[in-house]
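Residue-level structure breakdown
Next come the chains, spelled out residue by residue.
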Amino acid sequence: MATIHPTAIVEEGAHLADDVVIGAYAFVSAKTTLKSGVEVMQGAQIYGSTKVGEDTKIYPYAIVGMPPQDISYKAEDDVHVEIGRNNTIREFVTINAGTRNGGGMTKIGDNCFIMIYCHIAHDCQVGNNVIMANNATLAGHVHIGSFTVIGGMTPIHQFVHVGEGVMIGGASAVSQDIPPFCLAEGNRAVIRGLNSVGLKRRFAKEDIVAIQTAYKALFRGENAVKETAASLLTSDVNAKVAQMCHFIMESKRGIPFERKNNGQ
């Protein structure tokens, strides 16, 4: 049976695995599902239709599953939050449910580390192994690729897509799409280079060389970025390069870069 502190409130109907731990003064709503190994610490609150995966830790005073900050929201809307396994959600983090018009779901993958005072708004889709440093904030409908790191005090504009393996510097302001494997910083953030440390940690040398070569063609060449991406895709291109090019071709908010700042 779950371990529930006598001062905690767990509404009837909540589904708790036998080894779940609920701390003092915490709140868990009737529609919540907490899987094995989940811990909800002192004063943390989980609302609405929220699922939390195995071994995720929700630290004091985090608030998960509250209605979206969206004027179209109605109390009868069927909206949800889904959080994967082995996540760390630190103090005062807020994660809002989705909206009816945005698909109804805010989703976080596995093995994410979400630090103090971060905010994840309605309909965001966050991949696996994402790190959000203190006070990083995602507006509605933002997509964050797996293995991305977002520096502290960084806001990301609604509908922005950030690709896999991106590094965003602290105190940046991101208003356009950032392709996979890139490093971006500044207010407004622009691409400064490749996330070289992240590449070395994850990929073979041949993939890294292919990405470096493609990066130079995309962001240091004379042709337009989408034109270059389309050209690269016509050849027998490396799979990681193809991932970058498809991302660029599909971007709706544009890719922010200044050729003079791209030294790689």
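As a starting point, this report considers the structure included with it. Numbering of residues begins from 1 in every chain and follows the order in which that chain's sequence is written. Totals for whole chains, interfaces and linings use every residue, but because this is a predicted model, local features are given only for residues with pLDDT of at least 70 and side-chain atom pairs only at 80 or more, for both listing and counting. Derived side-chain values reflect all non-hydrogen atoms in the structure, with water molecules and hydrogen atoms excluded from consideration.

Some remarks on the sheet that holds strand S17 (residues 119-120)
The condition that has to hold: Pairing between strands is defined by DSSP: at least two bridges between them are needed. Starting at the N terminus, helices and strands are each numbered in turn, a helix being any DSSP run of H or I of at least four residues and a strand any DSSP run of E of at least two.
With parallel pairing, 8 strands are arranged side by side in an open sheet as S2-S5-S8-S11-S14-S17-S20-S23. Both outer strands of the open sheet, strand S2 (9-10) and strand S23 (155-156), are each paired with one neighbouring strand and no more. Here 2 bridges tie strand S20 (residues 137-138) to S23, and the two strands are oriented parallel to one another. When the bridges of S23 are listed, Thr137 appears paired with Pro155.

Let's talk about the packing of helix H3 (residues 225-233) against helix H4 (residues 239-250)
Stated formally: Under this scheme, a helix contributes an axis fitted over its contacting stretch, all axes are lines through C-alpha atoms, and angles between N-to-C directions fall in the 0 to 180 degree range. Small angles under 35 degrees read as roughly parallel and large ones over 145 as roughly antiparallel, with 65 to 115 read as roughly perpendicular and the rest as oblique. Here a crossing is called left-handed whenever its near helix is offset anticlockwise from the far helix by less than a right angle, and right-handed whenever the offset is clockwise. Contacts: residue pairs with any heavy atoms within 4.5 Å of one another. Residues are grouped as follows: Ala, Val, Leu, Ile, Met, Phe, Trp, Tyr, Cys and Pro are nonpolar; Asp, Glu, Lys and Arg are charged; every other residue, Gly included, is polar.
Running from amino to carboxyl end, H3 crosses H4 at an angle of 140°, the nearest separation of the two axes being 9 Å. Relative to H4, the element H3 lies oblique. Relative to H4, H3 is oriented so that their crossing is left-handed. Every residue of H4 that contacts H3 at Val225, Lys226, Ala229, Ala230, Leu232 and Leu233 is listed here: Ala242, Cys245, His246, Ile248 and Met249. Partitioned by chemical class, the residues of the contact of H3 with H4 number 9 nonpolar, 1 polar and 1 charged.

Observations concerning a nonpolar patch on the surface
The line we're drawing: Patch rule: a residue counts if its relative accessible area is over 30% and it has no salt bridge; like charges are joined within 9 Å, and nonpolar side chains (Val, Leu, Ile, Met, Phe, Trp, Tyr) within 5 Å. Using a 1.4 Å probe, the Shrake-Rupley method yields the accessible areas, and only the shown protein chains count as cover for residues. Between Lys or Arg on one side and Asp or Glu on the other, a salt bridge is scored when a side-chain nitrogen of the former is within 4 Å of a carboxyl oxygen of the latter.
Where nonpolar side chains cluster on the molecular surface, the patch consists of Tyr61, Phe92 and Tyr117 and spans about 300 Å² of accessible area. Within the secondary structure, Phe92 is located in the loop between strand S13 (88-89) and strand S14 (94-96).

A word on the pairing of strand S12 (residues 80-83)
Put simply, the rule reads: A simple rule labels every residue: compare its accessible area, found with a 1.4 Å probe on the protein chains alone, to the largest value its type can have, and call it buried under 20%, exposed over 50%, or partly exposed in between.
Burial along S12 is one-sided: Val81 and Ile83 are buried, while His80 and Glu82, pointing the other way, are not. As paired elements, strand S9 (residues 49-52) and S12 share 4 bridges and run parallel to each other. Following the sheet pairing, Lys51 is matched in S12 by Glu82. As paired elements, S12 and strand S15 (residues 105-108) share 4 bridges and run parallel to each other. Bridge pairing in S15 links Glu82 to Lys107.

With respect to the sheet that holds S15
Sheets are built from strands paired through backbone hydrogen bonds, the pairs being either parallel or antiparallel. Pairing is parallel in the open sheet, where 8 strands are placed in the order S3-S6-S9-S12-S15-S18-S21-S24. The two strands at the open ends of the sheet, each matched to only one other strand, are strand S3 (15-16) and strand S24 (161-162).

Thoughts on the pairing of strand S26 (residues 182-186)
The pairing of strand S25 (residues 167-168) with S26 spans 2 bridges and is parallel. Along S26, the bridge assignment pairs Ile168 with Ala184. Two successive antiparallel strands, S26 and strand S27 (residues 189-194), enclose a turn made up of 2 residues.

Quick notes on the environment of Ala210
If you trace the backbone, Ala210 turns up in helix H2 (residues 205-219). Between the C-alpha atom of Ala210 and that of Lys107, which follows or precedes it by 103 residues, the distance is 32 Å. Non-local contacts of Ala210, meaning those with residues more than four positions away in its chain, are made with Asn238 and Val241.

Comments concerning the side chain of Thr99
Worth spelling out the cut-off: What qualifies as a polar contact is a pair of N or O atoms within 3.5 Å, subject to a donor-acceptor requirement within protein and to the restriction that residues adjacent in sequence count only when both atoms come from side chains.
Note on placement: Thr99 falls in the loop between S14 and S15. Here Thr99 falls in the buried class, since its relative accessible area comes to 3%. In this structure the side chain of Thr99 is engaged in a polar contact, spanning 3.1 Å, whose partner is the backbone nitrogen of Gly102. Polar side-chain contacts of Thr99 include one of 2.6 Å to the side chain of Asp123. The residues touching Thr99, leaving out its near neighbours within four places in the chain, are Pro68, Asp70, Val79, Gly104, His122, Asp123 and His141.

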